[in-house]
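Each chain, letter by letter, is given below.
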2 protein chains.
Amino acid sequence: MTNIAILGFGTVGGGVYEVINASRKKPLCEVNIKYILDLRSFPEHPIGDRVTNDFSKIISDESVKIVVETMGGDTVAYKFSLEALKAGKNVVTSNKAVVDKYGEELERVARENGVVYLYEASVGGGIPIIAPLNNCFAGDEILRVAGILNGTTNYILTHMQSDGKSLDEALKVAQELGYAEADPHADIAGLDSARKIAILSGIAFGKYISYNSIPHIEGIENVTSEDIALADQLGCVIRLVAVAERVGDKASILVAPHLVGKNSLFHAIREAFNAVSVTGSAVGEVVFYGQGAGSLPTAAAVCGDIERVISNRVSDSERVPCEEGFILNGDGNSKFITLANGKKYRYFE
Amino acid sequence: MTNIAILGFGTVGGGVYEVINASRKKPLCEVNIKYILDLRSFPEHPIGDRVTNDFSKIISDESVKIVVETMGGDTVAYKFSLEALKAGKNVVTSNKAVVDKYGEELERVARENGVVYLYEASVGGGIPIIAPLNNCFAGDEILRVAGILNGTTNYILTHMQSDGKSLDEALKVAQELGYAEADPHADIAGLDSARKIAILSGIAFGKYISYNSIPHIEGIENVTSEDIALADQLGCVIRLVAVAERVGDKASILVAPHLVGKNSLFHAIREAFNAVSVTGSAVGEVVFYGQGAGSLPTAAAVCGDIERVISNRVSDSERVPCEEGFILNGDGNSKFITLANGKKYRYFE
C-alpha cells in the first residue's frame, strides 16, 4: 500500500480519486488516499473524512510517499510543492503555471532530496507526451515540437468554420459548454499554449525555458470568419499552433494562428482535442493526439505519474543542454501565405 | 561506455549504427558497438572490422551488456535471443515474429536472469507505443486498442483512392517504391497486422496472445476500386484496421478492412503511415501516429529501448491478467455498413 495526499479537491483532484477508486490494477489499486487538503469540506463524499486544512499534518506524516498537487495557481501550490519535496516526498502535479515558473528549482530540489517532481498532466491533459519525450526519443535529436495545445481555441476555430460563427459567438458557446473559462484571456491570447510549449521545448531541447521568454506569442483575437473561409479555399484550416524548432544553434519558439494544409495531421484536429507533433532526425514525425483537458483524462495522466513513482520507473529529470549557445529566437523557419484579403498567416506542415 | 552487439546488419541493424553514430546525447553517444554478427562482410563500412560470424564470441564476452536482434525470421533469431538472455545479456529487438511466437518465454527467461527483453520497434516502427502502453496507461483500464499497423496496405488503399488504381496496380507501384515486398502475402492478407495487434493487445489486456489464435483475420484482397468510390460517397475511406477490444469478460480481436468516417483520426492516415488508437476508461481515446517502418524510424525505436536499458528505466515486463475468464472472441462490437453494391464492411469510429 502506498499513502498519498491530494492537495486541492477540485476537478482534477476529484478525478484522481475517481481513477484510483475505479482501478483494479496494481499498483494503483493499492494506493491509499490518506489526506485531502482543501479549505472546503466534503461531508457527503465517500472519503470526505480524509479532508484536512492543515498541510503540516501531511508534511509531518512520514508514511505519505507522494503528494499530488492539483490546486492550481502558482503561489501556495509552489510553496507546498517545495515543502513536500524538501520533506522527502515525491510530488506529482497537473499545474502548468508552477512547472513553467518553478520547474527548474523544483526538479533540482527533488534531486537533492532523492525524490522526483513529475508533471505529465501539465501538458496535453491525458495525452502521454512528457514521458515519451523523456524516454522514447532518447536516441534521437529532436528537431521540432509543435502542438495544438489549447482545447478552447481549437473548439472556437472549429466552430467558426463549421457553423460560420464569429469568434465571439463561438466563444460564448464554448463558455456555455464549459470548454472556456469566464475569463478566457489566457486561452484566446495564446498564453496557455505558450506555457505548454515552453515546458515541452524545455524537455526537447534540454533547457529550462519560461514562457515569458518566448519572443512571439500571438492569440486568435484577429482571426475572422472571412480568414477561415479564404483558408478553406486554399484547402487549409486555421489552427492555433505552438512551434518550437531548432534553427542552427538557435531554438525558435512561437505561438500563432497558422494555416494548416491537408498533408498535416493537424488539419484533422477538431473540437477541443489536442495534438502534439514531435520530429526527430531519425524517427521523422510522430504525432500524439487526445483530450487535452477534463477531469478524468487529466487525472489519468496524474495517475500514470503516481504509478511511475511507485514502480520506481522515472526518467532522470536532469536536463543536459544539447549545445552551447542555444539562443531563443522567434523568427524560426516560418513560411507565410497571404490570403485573398491581404492578411498574412504562417503555414504549418 | 556500454558495449553492445548487433545481430544482423541489414536495414534495421544498419540504421541502429547510423543513429548511434549520429547521437550527441548521453547515454547513447557512449554506446560502443563491439560486435556485428552477420554472415556477410562489410569491408568498406566504418566499423566493418567489428563483423563476426561467431555468435559464441558475443555470448562469452562479459563486457557485452545488450544484444540487439535485428536479424528477422523466427528460428536463429529466437535461438540467439534465448542464449543471450540466459547468458545474462539484455536483448532489444525489432522482430515481431519472434515476439509474437516466443515473447512469453523470452520475457520469463529475461526475468529469471535479471535482464530485460524489449521490443518497442516490433510494432509501429518509430511510433512509441509499447512503452506508453506499459507506462502511461497504468492508472487506467484499457477498453480498446486499434491500429492501422501495416504501411504497405495503407499505401495501396490510399492510392487506390487517390489515383483510381486497382489493387494490383497500386501494389506494383508500392513494390517499385520499396513499400511492399516481392512476396506481399503477409501484408495483403492481414497477417502482419495480426501479429502486431496480438502484441499490443497482449500488453493492453495483460495476456500473451498469439496471432494464430485471432479468430478473424481478413486482408484487403477483396477491396475494389468500386468499394472505395462508394465508401467515399458515404464520407468514408477504407482502411485495414486491427481492433482489440474488451467486450464484457472477453477480448474481441480482429483484423479487417473497415469503413472509417471523418470523426475518426484514422480517416486522415494516408500513404505508408501507421497509427495506433488506445481508449482508456478515464483517458478516453489517445492516438499515436508516425512512420511504421523504414531503417531510421525503426532504428530510433530500437535505440530508445537501448537507452531504457542503460538508464535502468524499464517497465516490469510481467503481465497480470486483469480478469479471470478472459476469452478470445472475434465478434466484437463491430457495426456493419452495406455499400450500394451490396458488400458489407465493418465500421470504425
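Look up a bit, the structure's there.
Residues numbered from 1 in each chain as written. Chains lettered and ligands numbered in written order. Predicted model: local features only at pLDDT ≥ 70, side-chain atom pairs only at ≥ 80, totals over all residues. Heavy atoms only, no water.

Visitor: Go over the interface of chain A and chain B with me, naming the residues and quoting the values.
Guide: Across the boundary between the two partners, chain A contributes 44 residues, which contact 44 residues of chain B. A buried area of about 3,700 Å², summed over both sides, lies between chain A and chain B, and 57% of it is on carbon and sulfur atoms. Between E141 of chain A and R24 of chain B there is a salt bridge; the shortest N-O distance is 2.2 Å. In this assembly, chain A and chain B are joined by eight residue pairs in polar contact (both at pLDDT 80 or more). Among the secondary structure elements, those contributing two or more residues to the side of chain A that touches chain B are α5 (130-135), β12 (284-291) and α11 (295-310) of chain A. Considering every element that reaches the side of chain A that touches chain B, the biggest residue donor is β12 of chain A, with eight residues. Sheet topology places β12 of chain A next to strand β12 (residues 284-291) of chain B; three bridges connect them, and they run antiparallel. (Contact = heavy atoms within 4.5 Å. Buried area = accessible area lost by both parts, 1.4 Å probe. Salt bridge = Lys/Arg side-chain N within 4 Å of Asp/Glu carboxyl O. Polar contact = N/O pair within 3.5 Å; in protein donor to acceptor, adjacent residues only side chain to side chain. Helix = DSSP H or I, 4+ residues; strand = E, 2+ residues; numbered from the N terminus. Pairing = 2+ DSSP bridges.)

Visitor: Before we move on, can you summarise the pairing of strand β2 (residues 31-37) of chain B with the specific residues and values?
Guide: Residue and element names in this part refer to chain B. With five of seven residues buried, β2 is to be regarded as a mostly interior element. Bridge analysis of strand β1 (residues 2-7) against β2 gives six bridges, and the strand direction is parallel. By the bridge assignment, I6 is partnered in β2 with I36. Between the parallel pair β1 and β2, the chain is carried across by helix α1 (residues 11-22), and the sense of this crossover is right-handed. Bridge count for β2 against strand β3 (residues 51-52) is two bridges, and the pairing is parallel. (Buried < 20%, exposed > 50% of the residue type's maximum accessible area, 1.4 Å probe, protein only. Right-handed = clockwise from strand over helix to strand, strands pointing away.)

Visitor: Could you give an account of the relation of the copies chain A and chain B, with specific residues and numbers?
Guide: Expressed as a screw operation, the relation of chain A to chain B combines 0.0 Å of axial shift with a rotation of 180°, fitting to an RMSD of 0.0 Å. Overall, the copies show the geometry of a two-fold rotation axis. Taken as a fraction of all interface residues of chain A, those also at the interface in chain B reach 100%, which identifies the copy contact as same-surface. (Least-squares fit on C-alpha atoms with pLDDT ≥ 70 in both.)

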